2 protein chains.
Amino acid sequence: MNISEERFLVTYLILGDKKSAYEKADDICLEQTVEFPRQLVPEGFIRDEIIGRIESFEPAGANQFKAVISYAQETTAGDFAQFLNVIFGNISIKKGIKISDINLPDSILKNFKGPRFGITGLRNLTGIENDPLLCTALKPMGLSAGELAELAYQCALGGIDFIKDDHGLTNQPSAPFKERVSLCARAVTKANYKTGKKCIYIANITASFDEITGRALFAKEAGAGGLMISPGITGLDAMKYIAGRNDIALPVFTHPAFQGSFVMGDNFGISHGVLFGQLARLAGADASIYPNYGGRFPFTREECDDIKNGCYKKMGDIKRVFPCPGGGMNLDRVSELLEFYDKDVIFLIGAGLFTHSPDFIENCRYFKQLVRPNLTTA
Amino acid sequence: MNISEERFLVTYLILGDKKSAYEKADDICLEQTVEFPRQLVPEGFIRDEIIGRIESFEPAGANQFKAVISYAQETTAGDFAQFLNVIFGNISIKKGIKISDINLPDSILKNFKGPRFGITGLRNLTGIENDPLLCTALKPMGLSAGELAELAYQCALGGIDFIKDDHGLTNQPSAPFKERVSLCARAVTKANYKTGKKCIYIANITASFDEITGRALFAKEAGAGGLMISPGITGLDAMKYIAGRNDIALPVFTHPAFQGSFVMGDNFGISHGVLFGQLARLAGADASIYPNYGGRFPFTREECDDIKNGCYKKMGDIKRVFPCPGGGMNLDRVSELLEFYDKDVIFLIGAGLFTHSPDFIENCRYFKQLVRPNLTTA
């Protein structure tokens, strides 16, 4: 990343009356940059440029204000990890402050590769041009690699577009990483040969710091068509690194495990749209998995709407990406969700696929038929 | 890490009446392992071993219960990243559930190196055997590497034991990493030569995924005596990796930036003692930086007590580590804090050191005199 002289904008929702909220906004400007009382900050460059600046401040509801604060790109050192630190590092430890938007000028955005595939790229890979896509997860943990591969084979025969490892499958003795990924990738290839379709197997590469890259390379070599990472565990920049490597060049799905606390607080943390949309895109994700409203997790319809917006909204040339709602979805809700999400969505159904009928392949076909009623042959 | 057949224990505080809290506990057992409805889970090994088990369940206050859940080590694949996923991955996205303790049997703990130095090791390095230690931070961002080094020199002359980079100093053009670390390490060495003391310079190596290791190796080579990482940004396992490398072998300070959301929720997330104590130790930190109560952050006295306990409590052979309270501390509070923390503590004072008098070196000496009144010559 090159350092430009431009500033980028972060919007914070701040709890309090006008005076106390403004003081908090002013405090953010210091806390996230110099971490020093203003009167001790040297005059000139540091005081004029390094300290954050309140660019606007306005009411945003009862006892809440919206402050847009700009930071010099210099503060980030042109580094995504330090960018995260500037927008939220110490503020994460304060209450009554929540990030609701980030806005980077093109001069900064052009240093981000963003998602390699995005919505258009994933549509090209799967051959599904104008309809929602389908995803399921291989589970439960404890099955052997062979059993998981058999499940993957059936899902692919049933017409699912993306078959991902459950996010808890890493390198357990019951299904070691290399064996699992090799067998699942082969099973999906075999099914594709039979169906003529382009189902993609997504390998979970969430792992210890020194294993992540090796697993990504192995998965690529073994024929996996995409990768999944839980950046709450690995750090967002690990995902960005993997997504950016040209010798890997596979679609990346981001999983929300260990990230929930960032969005659980009503008045602190990071908004759903920023975390699962904007930051996920900046970190290279092509699809963002999260628990849909009305399932077994507490996300609301409004929060899912925020995620959709974060996945779709204009951010320079950073590609738009797929929201991938899951988490306790079932087949009965497909029509409601088709209305809410329209076509640019990947529906993720896990256990729900097992309960419709005893015929698993038939259940997959039924799911597909519900989601793409006009595409029965695709 | 080798996989043993033993199980480890995680204590969750769960909000609700007895029935709903028990249901939530039962749900955790599934969500964190098989992520599958119980009736669909195959009988035998998976149902008997892989699914979490409620080992105890008891009231823990008004409308709250304490559930101790055991997991098979197999679920973690012997991997710290996956261990984090098992204890908190999807649960992070649920409300009314908070981790309050973790308890690993020795057979699992022996696979963790833990902190290389711990309290005893840092005391040996600094030569301060029985008193609290002193730390300060180089700031503000925007100073040149030379200016920061001059500050480090003065702090070291003034008798501070640990001089760390401010956590926002990474590789900004104003003070590029290599230049800053080289000059600061040299300045502290020069001061030590003059004073005969063993002040340690702690370089911040929080960086993008592919830069962390290189920065740690450079800092070591340049003469830094310790490293600081913000695992909220890099992932905890990055810290564990750096702490464990024998060709680095430097003390590691953990910084709480970007981790705050985990502890901000009263009824969700991770307790202060687990996050800043137990997990920090498992991830190799020798000292845990966090904002002290009564400063500019909202941590309470009880929460700081919890961190102390997490730093000190028995965890097999995993070393005890230093709590390092900072965040808006000032010199006036030293006597109160000496009483609260006793001797096994590193007091971190940043801006407070600048405000006592215009003579910065004298301010450092005054700080030291307050903290170690009986050691005026040390």
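Residue indices begin from 1 for each chain and proceed along its sequence in written order. Here every chain gets a letter starting at A, and every ligand a number starting at 1, in the order they are written. Local features in a predicted model are, by the rule used here, given only for residues with pLDDT of at least 70; side-chain atom pairs are given and counted only at 80 or more, and totals for whole chains, interfaces and linings are based on all residues. Excluded from the side-chain calculation are hydrogens and water; included are all heavy atoms of the structure.

**Focus on the overall build of chain A**
Helix numbering and strand numbering both begin at the N terminus, where a helix is a DSSP run of H or I of at least 4 residues and a strand a DSSP run of E of at least 2. Assigned secondary structure in chain A consists of 16 helices and 13 strands. C-alpha extents for chain A along the principal axes are approximately 70 × 40 × 35 Å. Counting every position in chain A, which comprises 378 residues, the buried fraction comes to 65%. Residue contacts are defined here by distance: any two heavy atoms, one from each residue, within 4.5 Å place the two residues in contact. Excluding contacts between residues fewer than 6 apart, the proportion of contacts in chain A whose partners are at least 24 apart in sequence is 74%. Carbon and sulfur atoms form 48% of the exposed surface of chain A, whose accessible area is close to 12,900 Å². Working definition: with a 1.4 Å probe on protein chains only, accessible area under 20% of the residue-type maximum means buried, over 50% means exposed, and in between means partly exposed. Residue-level accessible areas treat just the shown protein chains as cover; the underlying method is Shrake-Rupley with a 1.4 Å probe.

**Let's talk about the interface of chain A and chain B**
Chain A puts 76 residues into the contact, and the matching count from chain B is 76 residues. We define buried area as the total accessible area lost by two parts upon association, computed with a 1.4 Å probe and summed across both. The contact between chain A and chain B buries some 6,600 Å² in all, and 67% of this surface belongs to carbon and sulfur atoms. In the sections that follow, a salt bridge refers to a side-chain nitrogen of Lys or Arg positioned within 4 Å of a carboxyl oxygen of Asp or Glu. Across the chain A-chain B interface, the total number found is 6 salt bridges. Residue Arg296 of chain A is joined to Glu31 of chain B by a salt bridge in which the shortest nitrogen-to-oxygen separation is 2.7 Å. Distance and chemistry together define a polar contact, namely a pair of N or O atoms within 3.5 Å, with one atom able to donate a hydrogen and the other to accept it when in protein, and with adjacent residues in sequence counting only for side-chain atoms on both sides. If you look at where chain A meets chain B, you find 32 residue pairs in polar contact (both at pLDDT 80 or more). Put simply, the parts of the chain that give the side of chain A that touches chain B at least two residues each are helix H2 (45-50), helix H3 (80-88), helix H8 (212-222), helix H9 (231-234), helix H10 (236-244), helix H11 (260-264), strand S10 (269-270) and helix H15 (352-355) of chain A. Under the scheme applied, nonpolar residues are Ala, Val, Leu, Ile, Met, Phe, Trp, Tyr, Cys and Pro; charged residues are Asp, Glu, Lys and Arg; polar residues are all the others, including Gly. Looking at side-chain class alone, the side of chain A that touches chain B contains 38 nonpolar, 25 polar and 13 charged residues.

**Points about the relation of the copies chain A and chain B**
Screw-axis analysis of chain A against chain B gives a translation of 0.0 Å along the axis, an RMSD of 0.0 Å, and a rotation angle of 180°. Such a turn and shift between the copies fits a two-fold axis. Minimal C-alpha distance to the rotation axis in chain A is attained by Gly235 of chain A, lying at 2.3 Å. Comparing interface residues between copies, 100% of those in chain A also sit at the interface in chain B, which points to an isologous, same-surface contact. Least squares is used to superpose the copies, and the fit set is the C-alpha atoms of residues whose pLDDT is at least 70 in both copies.

**Concerning the sheet that holds strand S8 (residues 226-229) of chain A**
Residue and element names in this part refer to chain A. Pairing between two strands requires that DSSP report at least two bridges joining them. The 8 strands lie next to each other as S12-S11-S9-S8-S7-S6-S5-S13, forming an open sheet whose pairing is parallel. Edge strands, defined here as strands with exactly one partner in the open sheet, are strand S12 (322-326) and strand S13 (346-348). Averaged over neighbouring strand pairs, the angle between their axes works out to 25° when direction is ignored. Relative to S8, strand S7 (residues 200-204) is paired through 3 bridges, and the arrangement is parallel. By the bridge assignment, Asn204 is partnered in S8 with Met228. For helices, the fitted line uses only the C-alpha atoms of the stretch in contact; every axis is such a line through C-alpha atoms, and the angle between N-to-C directions lies from 0 to 180 degrees. Across the sheet, helix H14 (residues 334-341) is in contact with strand S11 (287-291), S12 and S13; its angle to S13 comes to roughly 145°.

**Focus: the sheet that holds strand S12 (residues 322-326) of chain B**
By way of backbone hydrogen bonds, the strands of a sheet pair with one another, either parallel or antiparallel. All names here are of chain B. An order of S12-S11-S9-S8-S7-S6-S5-S13 is seen for the 8 strands of this open sheet, with the pairing classed as parallel. The sheet is open, and its two borders are formed by S12 and strand S13 (346-348), each paired with just one other strand. Geometrically, the sheet is characterised by an average inter-axis angle of 25° between neighbouring strands, direction not taken into account. Strands in contact with helix H7 (residues 177-195) are strand S5 (133-138), strand S6 (162-165) and strand S7 (200-204); relative to S7, the strand with the most contacts, it is inclined by about 170°. On top of the sheet, helix H16 (residues 360-371) reaches S5 and S13; it is set at about 150° to S5, its chief contact.

**With respect to helix H8 (residues 212-222) of chain B**
All names here are of chain B. Along H8, the residues classified as buried are Ile212, Thr213, Arg215, Ala216 and Ala219. The arc enclosing the buried residues of H8, seen along the axis, measures out at 165°, which places them on a common side. Close packing links the buried residues of H8 with H7, S7, strand S8 (226-229), helix H9 (231-234) and helix H10 (236-244). Within two residues after H8, Gly223 carries a phi angle of roughly 100°, on the positive side. It is the directions from the helix axis to the C-beta atoms whose arc is reported.

**Some points on the packing of helix H12 (residues 272-282) of chain B against helix H13 (residues 301-312) of chain B**
Residues and elements named next belong to chain B. Running from N to C, H12 and H13 cross one another at 20°; their axes reach a closest spacing of 7 Å. Accordingly, the angle class assigned to the pair H12 and H13 is roughly parallel. At the point where H12 passes H13, the crossing takes the right-handed sense. Here H12 contributes His272, Gly273, Phe276, Gly277, Gln278 and Arg281 to the contact with H13, which in turn contributes Glu303, Asp306, Ile307, Gly310, Cys311 and Tyr312. If an angle is under 35 degrees, it is roughly parallel; if it is over 145, roughly antiparallel; if it lies from 65 to 115, roughly perpendicular; otherwise it is oblique. The handedness criterion is simple: a crossing whose near helix is rotated anticlockwise from the far helix by less than a right angle is left-handed, and one whose near helix is rotated clockwise is right-handed.

**Overview of the side chain of Thr76 of chain B**
Residue and element names in this part refer to chain B. With respect to the element layout, Thr76 can be found in the loop between strand S3 (64-72) and helix H3 (80-88). A polar contact is formed between the side chain of Thr76 and the backbone oxygen of Gln73, at a distance of 2.7 Å. Dropping the residues within four chain positions of it, Thr76 is found in contact with Phe8, Gln82, Phe83 and Val86.

**Re unusual backbone geometry**
Backbone phi values are negative for most residues with the exception of glycine, while trans is the configuration of most peptide bonds. Residue and element names in this part refer to chain A. Across the junction of Lys139 and Pro140, the peptide omega takes the value 0°, indicating a cis bond. One non-glycine residue, Asp342, adopts positive backbone phi at about 60°. Residue position: Asp342 is located in the loop between H14 and S13.

**What about the pattern of salt bridges?**
Residues and elements named next belong to chain A. In total, this model carries 40 salt bridges over all chains according to the counting rule given. The salt bridge involving Asp26 is made with Arg38; its shortest N-O contact spans 2.6 Å. Remark: Arg38 occurs in the loop between helix H1 (18-31) and H2 and Asp26 occurs in helix H1; sequence separation between them is 12 residues. Note on Asp26: relative accessible area 26%, which makes it partly exposed.

**Quick notes on the nonpolar core**
Among the buried residues, those of types Ala, Val, Leu, Ile, Met, Phe, Trp, Tyr and Cys that are joined through side-chain atoms within 4.5 Å form a nonpolar core. Judged by nonpolar contacts, the single largest core of 279 residues is most densely connected at Leu282 of chain A together with Tyr12, Leu279 and Leu282 of chain B. When sequence neighbours within four positions are dropped, the list of residues in contact with Leu282 of chain B reads Phe80, Phe83, Ile102, Leu104, Leu109, Phe112, Lys240, Met315 and Ile318 of chain B.

**Quick word on the packing of H3 of chain A against H10 of chain A**
What describes two packed helices is the angle between their axes and the distance between those same axes. Residues and elements named next belong to chain A. For the pair H3 and H10, the least separation of the axes is 9 Å and the interaxial angle reads 150°. Considering only the axes of H3 and H10, their crossing is right-handed. Between H3 and H10, the residues in contact are Phe80, Ala81 and Leu84 and Leu236, Asp237 and Lys240, respectively. Per-class residue counts for the contact of H3 with H10 are 4 nonpolar, no polar and 2 charged.

**Considering the packing of aromatic side chains**
Each aromatic ring pair is summarised here by two numbers: the centre-to-centre distance and the angle between the ring planes. When two rings of Phe, Tyr or Trp (its six-membered ring) have centres within 6.5 Å they constitute a pair, described as stacked for plane angles under 30 degrees, edge-to-face for angles over 60, and tilted for the intermediate range. According to the stated counting rule, one finds 41 aromatic pairs over all chains in the structure shown. Ring centres of Phe88 of chain A and Phe262 of chain A lie 6.2 Å apart, and the angle between their planes is 70°; this geometry places the pair in the edge-to-face category. Of this pair, Phe88 of chain A sits in helix H3 while Phe262 of chain A sits in helix H11, and the two are 174 residues apart along the sequence. A network of ring pairs unites the aromatic residues Phe88, Phe258 and Phe262 of chain A together with Phe88, Phe258 and Phe262 of chain B as a single cluster. Seen from the ring of Phe177 of chain B, Arg215 of chain B lies directly overhead, with NZ or CZ sitting 5.1 Å from the centre. Think of it as a cone above the ring: NZ of Lys or CZ of Arg counts as a charge over the ring if it is within 6 Å of the ring centre and within 35 degrees of the ring normal. Above the face of the Tyr293 of chain B ring, Arg333 of chain B is positioned so that its terminal group lies 5.2 Å from the ring centre.

**Notes on the pairing of S5 of chain B**
Residue and element names in this part refer to chain B. Where burial is concerned, most of S5 is hidden: 6 out of the 6 residues are buried. Of the strand pairs in this sheet, S5 and S6 are connected by 4 bridges, and their pairing is parallel. The partner of Ala137 across the bridge, within S6, is Lys164. With helix H6 (residues 145-157) bridging S5 and its parallel neighbour S6, the resulting β-α-β unit is right-handed. By the criterion used throughout, a crossover qualifies as right-handed when its path from the first strand across the helix to the second strand runs clockwise, the strands pointing away from the viewer.

**Brief notes about the confidence of the model for chain A**
What pLDDT reports is the predictor's confidence in each residue, on a scale of 0 through 100. Averaged over every residue, the pLDDT of chain A is 95; residues scoring 70 or more account for 98%. Predicted complex metrics record ipTM = 0.97 and pTM = 0.97.

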